[in-house]
Amino acid sequence: MKMRVRVNGEDREFAEAATVADVLVAFGTPAAGVAVAMDGDVVPRGVWQSTPLRDGATVEVLTAVQGG
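Residues numbered from 1 in each chain as written. Predicted model: local features only at pLDDT ≥ 70, side-chain atom pairs only at ≥ 80, totals over all residues. Heavy atoms only, no water.

> Can you help me understand the sheet that holds strand β4 (residues 41–43) in this one?
Taken together, the five strands give an open sheet; going across it, the order is β2-β1-β5-β3-β4, and neighbouring strands pair in mixed fashion. Each having just a single partner strand, β2 (10–15) and β4 make up the two edges of the open sheet. When the angles between neighbouring strand axes are averaged without regard to direction, this sheet yields 35 degrees. Pairing analysis gives two bridges linking strand β1 (residues 2–7) to strand β5 (residues 58–63), with the strands arranged parallel. Paired with Arg 6 across the strands is Thr 58, a residue of β5. With respect to the sheet, helix α1 (residues 20–27) is in contact with β1, β2, β3 (34–38), β4 and β5, its orientation differing from that of β2 by roughly 115 degrees. (Pairing = 2+ DSSP bridges. Helix = DSSP H or I, 4+ residues; strand = E, 2+ residues; numbered from the N terminus. Axes fitted to C-alpha atoms, helices over the stretch in contact; angles between N-to-C directions. Contact = heavy atoms within 4.5 Å.)

> Would you explain the packing of aromatic side chains in this entry?
For any pair of aromatic rings, the description consists of the separation of the ring centres together with the inter-plane angle of the planes. The final tally for this structure, using the stated rule, is zero aromatic pairs. Arg 12 extends its terminal NZ or CZ atom over the ring of Phe 27, reaching a point 4.5 Å from the ring centre. (Phe/Tyr/Trp six-rings, centres within 6.5 Å; stacked < 30°, edge-to-face > 60°. Lys NZ or Arg CZ within 6 Å of the ring centre and 35° of its normal.)

> What should I look at first to understand α1 in this one?
Side chains three or four residues apart in an α-helix point the same way, a direct result of the helix having 3.6 residues per turn. Those residues of α1 lying buried are Val 20, Ala 21, Val 23 and Leu 24. All buried residues of α1 fall inside an arc of 155 degrees around its axis, so they share one side. Buried residues along α1 sit against β1, β2, β3, β4 and β5. Just beyond α1, the residue with positive phi is Gly 28, at close to 65 degrees. (Buried < 20%, exposed > 50% of the residue type's maximum accessible area, 1.4 Å probe, protein only. Arc of directions from axis to C-beta.)

> Any chance you could explain the pattern of salt bridges here in plain terms?
Where charged atoms from two side chains of opposite charge approach closely, those side chains can pair. What the rule picks out here adds up to four salt bridges. For Asp 39, the salt bridge is made with Arg 54, and the minimal N-O distance between the two is 2.8 Å. Here the residue Asp 39 occupies a position in the loop between β3 and β4, and Arg 54 occupies one in the loop between β4 and β5, the gap between them amounting to 15 residues. Judged by its relative accessible area of 39%, Asp 39 is partly exposed. A relative accessible area of 43% means that Arg 54 is categorised as partly exposed. (Salt bridge = Lys/Arg side-chain N within 4 Å of Asp/Glu carboxyl O.)

> Before we go on, may I ask you to explain the pairing of β2 in this structure?
Where a strand is regular, its side chains alternate between the two sheet faces. Bridge analysis of β1 against β2 gives six bridges, and the strand direction is antiparallel. Bridge pairing in β2 places Val 5 opposite Arg 12. With antiparallel pairing between neighbouring strands as the criterion, β1 and β2 make up a hairpin whose turn holds two residues, including Asn 8 at a positive phi of roughly 50 degrees.

Right, here's the structure in full:
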């Protein structure tokens, strides 16, 4: 069974057992320099692998950008 999750404003489908880490893999996002929030709450890097996605959740993946 699939669930729908909105990632950075785009609706995506993931397997029922998907985690926050699976979102990063799906988007080819490097683990370094990235922050993740689900439904407005920051998800600490150490629990990405064990934090399940929820059907209808909103996930924001933010990448640090250097500049000045």
